[in-house]
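If you want the building blocks of each chain, they are given just below.
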Amino acid sequence: MTQRVPHSSGEQIPEAPGFEGRPGSAMIDAGAELDPVHPVDPPAPAVSTRGLTAAEVAERIARGEVNDVPVRSSRSIGEIVRANVFTRFNLIIGVLWLIMLFVAPIQDSLFGFVIIANTGIGIIQEWRAKKTLDSLAVIGEAKPTVRRDGISAEISTSEIVLGDLVELSPGDKVVVDGTVAEADGLEIDESLLTGEADPVLKRYGDTVMSGSFVVAGGGSFTATKVGREAYAAQLAEEASRFTLVQSELRTGISTILKYVTWMMVPTAIGLVVSQLVTQNNNLKDSIARTVGGIVPMIPEGLVLLTSVAFAIGVVRLGRKQCLVQELPAIEGLARVDVVCLDKTGTLTEGGMDITEVRLLGDAQDAYIHRVLGALGGSDPRPNASLQAIVDAYPDGQEWRCTQTLPFSSARKYSGAAFDEGDGRTSTWLLGAPDVLLPERDPALDEIEQLNQQGLRVLLLARTRGELQGSDAAAGAVPSALVVLEQRLRPDAEETLAYFADQNVAAKVISGDNAVSVGAVAGKLGLPGAENTLDARRMPTDPDDMATAMEQNAVFGRVTPQQKRDMVAALQSRGHTVAMTGDGVNDVLALKDADIGVSMGSGSEATRAVAQIVLLNNSFATLPSVVAEGRRVIGNITRVATLFLTKTVYSVLLAILVVCSQVDYPFLPRHLTLLSTLTIGVPAFFLALAPNKERAHPHFVRRVMRYAIPSGVIAAVSTFVTYLIARNHYTGAGALEAETSAATLTLFLVSMWVLAIIARPYTWWRICLVAAMGLAFLIVLAVPWLQEFFALRLVGTTMPWTAVGIAVLAAVVLEYTWRLVGRRFPA
């Protein structure tokens, strides 16, 4: 539909016949920072523009001149095995296990078999995760377009050979080094390599480096370096992609293990001296009890469980077509409290439809249709906005394009000059009305009304001057408004509601008009959608910008550099920021955000820098990723308390034994049984349970504030029971009876710690705790199990005393946990 609207300029625009000639470029959705004008470059020699022949490709493959650098999305099998087998604690436990195999019955060596099983489980789970990652990486792999024998086709990056002619368009990543063979307004962003944010204009013969990406224009380049000789490949060998994201969970566990090692060494030495020298016991029995004191100090299952939880998370997300390019990103997104959303491609689908064209002033309907057709035909790779124009006006090959001005996210418009024939020429601009029109232009009021309906409006303006520099729009005469309707994603409203329910602030950041973006966000129910801000009025001071970011929810007319600054401003206030996007103008912000999320259909550049790629292009997948991260972190925090409680009471018991100069009460078999029932089996199920609680920072402090008092209470109550039992029992078999009483107390106290951690109770959590208690009762009741684990409760007085001490310890535990929760909130 075409409608005429009077305009203040009132200039008559002549009608002219059509054109013919080589397409130029009128990019609508790139992201450049410069304002260059690009005459259409003359074509390169015919040989170079046809690319290699099949024979030349085969010859280069035979010489090994192939881009054979593997794209790794995960660790290799060898690295997985080494990471799970060759650990500091596996070495310690392995040595102790070998000793026990020679000096004690097999039941005292059970802890070694448990470690073998745990290590095997870790390897298998991470291998499953690797298979998932690698298969998804193939789906999401960039497919550069290569011209061979004059025919363009997409091939795998690893199939590129030296001398190949690789085509480039906005958003494409430069996959190998080369020299420009064709350039049509080609602008390359090399910021990921050089740190320089401004894109570089490339002409015929210029060098392009792998790792950079196209922000405007198009062209092709000849591959001059492939494989490990390419610049990006050299950088990649210095830094693997596997663990680039900061993981507080892994860092915290490493810190805990470091302190555990420091505590364990002197304590173990003291225990060895006490049991082998001071007590003058049977050598083999002393060694067994010494090992029994050292082994439980090691939280060996904690690292395993963390790896397994991450690996299972990757597999679960992989089933939903979500590629996690860096494993700790699962954790990172769970800590996010602000998510910055790009409107186009995230809240809206890529396609658009023209609803009407409103004529301004004396513009003529037929002529404006020709202009729009010419602009659409001038770009061989139209984006969503221009594609809508191409669909509406497909006849765009009549005029000859003589000059182009690529779209820039900083500039907000593009342009092209045409030879209309019969000596007539014209120069046109297409872009943001509020940028091309003066502030008080009467047309802006009508545009505002359209924006309030959530419609996108582009202004078509004719300029008398040349397409030069930043003043190309000066004196431009408005001719028509192109009104576009955006297609909302059907799942966006539900996803935004999820974030609101989870107290995650959503900020919509777009290059479009702020009012229009706010209307779209309002339709989707975004909280605070009425609080919109035009980024051109955004303060430049980081602190003031952070305040503006916290007070508003929708931002329009944002430049790529401003997106980057906005992320930094939020981070300066302590926020954990996720950034979603699919366009090349999102790359810098995605790179700087704590977690970058890209759509699978997004540009190669965005997929390359993002930690998470939604291969199904579904914004609704994000809640699953957040939920998976929260499950991993929340559950690992829970079960870490179990493991470290054991470490604390083991160290403290060893210290009490050394100071008291008594026999160590436990053999390895006793603590293997306790660890399996109160930690190992329950921790596995609890670590994989649903958990929607938002992740909190300070992992080490959150875990240790409960583990230390719980371990102290368990150690003191167990040692009290042991001392009482030493005075109660005499004669042959006294030590076994004392050990059994102490084991009963320690089991009951550990079970109470498990019961606290298992809250809030569900039917399966209650069954889990009850099953562990039942298993211990079976051991106490079945004669051959009594003998196997050396557990025999003698008489009634001491066993009930042990139970009474455990009950008292449980009461103290309850009070302590509540006190810690009030006095030391995380």
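Scroll up a little and you will see the structure.
Residues numbered from 1 in each chain as written. Predicted model: local features only at pLDDT ≥ 70, side-chain atom pairs only at ≥ 80, totals over all residues. Heavy atoms only, no water.

**Here's the deal with the pairing of strand 14 (residues 413–421)**
Burial runs high along strand 14: seven of the nine residues are buried. Judged from the five bridges that link them, strand 13 (residues 400–405) and strand 14 form a sheet pairing that is antiparallel. Across the sheet, residue Leu405 finds its bridge partner in strand 14, namely Gly415. Looking at chain direction, strand 14 and strand 15 (residues 424–431) are connected through eight bridges and run antiparallel. Its bridge partner lying in strand 15, Ser414 is registered against Leu430. In sequence, strand 14 turns back onto strand 15 through a hairpin of two residues, with Asp422 there showing a positive phi of about 55°. (Buried < 20%, exposed > 50% of the residue type's maximum accessible area, 1.4 Å probe, protein only. Helix = DSSP H or I, 4+ residues; strand = E, 2+ residues; numbered from the N terminus. Pairing = 2+ DSSP bridges.)

**Description of the packing of aromatic side chains**
Under the criterion given, the structure shown has eleven aromatic pairs. Arranged with centres 5.8 Å apart and planes meeting at 45°, the rings of Tyr367 and Trp399 form a pair that is tilted. Placement of Tyr367 in helix 12 (residues 365–377) and of Trp399 in the loop between helix 13 (384–392) and strand 13 is noted, with a sequence separation of 32 residues between them. Looking at Trp399, the relative accessible area reads 1%, which means it is buried. Ring centres 5.8 Å apart and planes at 65° place the aromatic pair Tyr498 and Phe499 in the edge-to-face group. With respect to class, Tyr498 is no different from Phe499; both count as buried. (Phe/Tyr/Trp six-rings, centres within 6.5 Å; stacked < 30°, edge-to-face > 60°.)

**Things to note about the pattern of salt bridges**
Pairing between side chains becomes possible if they bear opposite charge and their charged atoms approach one another. Taken as a whole and judged by the stated rule, the model has 21 salt bridges. Glu356 is paired through a salt bridge with Arg358; the nearest N and O atoms lie 2.9 Å apart. Residues Glu356 and Arg358 agree in their burial class; the two are buried. Put simply, Arg818 and Glu814 hold a salt bridge, and the shortest N to O gap is 3.8 Å. Taken as a pair, Arg818 and Glu814 lie in helix 28 (residues 797–823) at a separation of four residues, close to a single helical turn. Note on Arg818: relative accessible area 55%, which makes it exposed. Linked by salt bridges that have partners in common, Asp434, Asp534, Arg536 and Arg557 make up one network. (Salt bridge = Lys/Arg side-chain N within 4 Å of Asp/Glu carboxyl O.)

**Brief notes about the sheet that holds strand 22 (residues 595–599)**
Taking strand neighbours across the sheet as the criterion, the eight strands line up as 10-23-22-21-11-18-20-19 in an open arrangement whose pairing is mixed. At either margin of the open sheet sits one strand with a lone partner, and together these are strand 10 (322–324) and strand 19 (532–534). Sheet twist, expressed as the mean angle between neighbouring strand axes with direction ignored, is 20°. Across the sheet, helix 17 (residues 514–523) touches strand 18 (505–509), strand 19 and strand 20 (554–556), and the angle it forms with strand 20 is around 145°. Set on the sheet, helix 19 (residues 560–572) makes contact with strand 11 (338–342), strand 18, strand 20 and strand 21 (577–581); between it and strand 21 the angle comes to about 160°. (Axes fitted to C-alpha atoms, helices over the stretch in contact; angles between N-to-C directions. Contact = heavy atoms within 4.5 Å.)

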